[in-house]
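Structure assessment
If you want the building blocks of each chain, they are given just below.
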Amino acid sequence: MKVAVFSTKAYDRQFLEAANYPPQHELVFFEPRLNQKTAILAASFPGVCVFVHDIVDAPTLKILASGGTRLIALRCAGFNNVDLQAAADLGIKVVRVPAYSPYGVAEHAVGLILTLNRKIHFAHNRVRESNFSLTGLLGFNLNGRTVGIIGTGKIGLILGQIMKGFGCQILAYDLYRNPELEKVGGKYVELPELFANSDIISLHCPLTPETHHLINAQVIAQMKPRVMLINTSRGALIDTQAVIEGLKSRQIGFLGVDVYEQESDFFFEDLSGEIIQDDVFQRLTTFPNVLITGHQAFFTEEALQNIAETTFANISDIEQGRSCPNEIFESP
Ligand code: NAD
C-alpha cells in the first residue's frame with residue numbers, strides 16, 4: 001500500500017524502513033503533523049500513518065477521504081485524537097498498535113521514582129562540578145513502602161511486579177481485578193483507601209471522561225503528606241493547577257511525570273532557545289522535587305520495532321481484505 005507517514009522523526013523512519021524490508025509497502029515520510037492544513041500532502045495515498053499528536057478530526061478525515069485515503073494506521077495505542085465516527089461514515093478503517101512497550105513504560109516509571117527519591121539528577125550535576133556534599137540528597141528506602149497503582153492492565157501489572165521486588169506493599173485500584181497482580185501480593189482497595197495509605201501513587205489507567213482530572217484538589221487532600229505522584233499515562237489524568245497547589249503546600253512531596261495536559265503544544269520538538277508560552281508548565285519546572293520527561297516512557301528499541309512491525313501487519317491485513325485484530329470501531 002502507498003502510505004503517507006506523518007510526524008516522522010529520524011528514529012521512526014529508521015525502524016519503519018527496517019521493518020518494511022524488503023519493501024512491501026511504499027512509504028513516503030512527512031515531518032509535519034497531520035491536521036487540516038497538512039492533509040493535502042496525503043492526496044492519492046490509500047494509507048495514512050500517524051502518531052499521538054496528529055489531529056485526525058472530521059474535517060481532516062474529509063480531506064483525506066476526498067484524496068482517496070481508506071486507512072488510518074496509528075503507530076500508538078491511544079486513539080483519542082481520531083474521530084472514529086467520522087472515519088466510519090467516510091468508509092475509512094482505523095487500526096492501532098495496542099501494546100508496544102509495557103515493560104518500557106513501567107521501567108520508566110521506576111526510573112522517575114528512583115531519580116526523584118535519591119536525587120540522582122542533582123547528584124550527577126554536583127559530582128561533575130566537584131561538589132561531593134550530600135546535603136539535600138537524603139532519600140528513603142523503597143523497601144517496606146506502600147505503592148498505590150491506579151489501572152492494573154499491562155503496564156500497571158508490570159510496575160506492581162517490579163515494586164514488589166523492591167519489597168514494597170502494593171495497593172491497587174481498577175475497574176477489573178487482575179489476578180496476576182494478586183498473585184504477587186497486590187491488594188485491591190477502593191480509591192480513598194489507596195490515596196490514604198500510599199507513599200507512592202502511580203497512574204496507569206487510560207484517559208476517559210471518567211478519569212479526566214482523577215487527581216484533583218479534593219483527592220490530593222486525602223493523600224499521605226509528602227506523597228510521591230507518578231504519571232506516565234496521560235497528562236489530563238491530573239489537574240495540573242491542583243498539583244501545583246499541592247506541591248506548594250508540600251502535601252505532594254514529589255512529582256514525576258512523562259505526560260502533560262497540554263503536551264501536544266511542544267513535546268517531541270526541540271524548542272531550545274525559544275520562549276515557552278505555557279505558564280503552568282513553566283511553573284512546574286521550577287520545583288526542585290518535580291521531574292518531567294517529554295513522553296519518552298515508551299521510547300525503547302523494542303517498542304519502536306514492535307510499533308513498526310505491528311503497523312505493517314495491520315496495513316497488510318486491511319490491504320488484503322483480512323480481518324485485522326487491531327482495527328478499532330466506534331462503540332455503539
Ligand atoms: P491497559 O489497557 O492494559 O490497562 C489499563 C487499565 O486501566 C485496565 O486494566 C483498565 O481496566 C483500567 N481502567 C480503565 N478505566 C479505569 C478507571 N476509571 N479507573 C481505574 N482503572 C481503569 O493499558 P496499558 O497498556 O497498561 O496502558 C496504560 C496507559 O499508559 C495507557 O492508557 C496510555 O495512556 C499510557 N501509555 C503511556 C505511554 C508513554 O510513553 N508515556 C506509552 C504507552 C501507554
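Residues numbered from 1 in each chain as written. Predicted model: local features only at pLDDT ≥ 70, side-chain atom pairs only at ≥ 80, totals over all residues. Heavy atoms only, no water.

So, on to the side chain of T8. Considering the arrangement of structural elements, one finds T8 in the loop between β1 (2-5) and α1 (10-19). A distance of 3.0 Å separates a polar side-chain atom of T8 from the backbone oxygen of V5. Once you skip the residues sitting within four places of it in the chain, T8 turns out to touch R13, F29, F30, E31 and R75. (Helix = DSSP H or I, 4+ residues; strand = E, 2+ residues; numbered from the N terminus. Polar contact = N/O pair within 3.5 Å; in protein donor to acceptor, adjacent residues only side chain to side chain. Contact = heavy atoms within 4.5 Å.)

Summed over the entire model, instances satisfying the criterion amount to 11 salt bridges. The residue K183 makes a salt bridge to E180 at a minimum N-O spacing of 3.0 Å. Here E180 and K183 lie together in helix α7 (residues 179-183), a separation of three residues that amounts to about one turn. Since its relative accessible area comes to 65%, K183 is described here as exposed. (Salt bridge = Lys/Arg side-chain N within 4 Å of Asp/Glu carboxyl O. Buried < 20%, exposed > 50% of the residue type's maximum accessible area, 1.4 Å probe, protein only.)

A word on the UniProt feature "domain: D-isomer specific 2-hydroxyacid dehydrogenase catalytic" (unreviewed entry) in the chain. As annotated in UniProt, the feature "domain: D-isomer specific 2-hydroxyacid dehydrogenase catalytic" (unreviewed entry) corresponds to residues 3-328 in the numbering used here. Along residues 3-328, the helical share is 35% and the strand share 15%, with 19 Å between the first and last C-alpha atoms. (UniProt positions renumbered as here; feature names shortened; annotations may be inferred.)

What follows deals with empty space enclosed by the protein. Here the structure, examined in full by the defined rule, presents one cavity of 30 Å³ or more. There is about 60 Å³ of room inside the largest cavity. Contributions of two or more residues to the lining of the largest cavity are made by α10 (240-248) and β11 (252-257). The class makeup of the residues in the lining of the largest cavity is seven nonpolar, two polar and one charged. (1 Å grid on protein atoms, 1.4 Å probe; cavity = no way out; pocket = protein on both sides within 12 Å on 5 of 7 lines; lining within 4 Å. Points joined across faces, edges and corners; volume = space filled by probe spheres on them. Nonpolar A, V, L, I, M, F, W, Y, C, P; charged D, E, K, R; others polar.)

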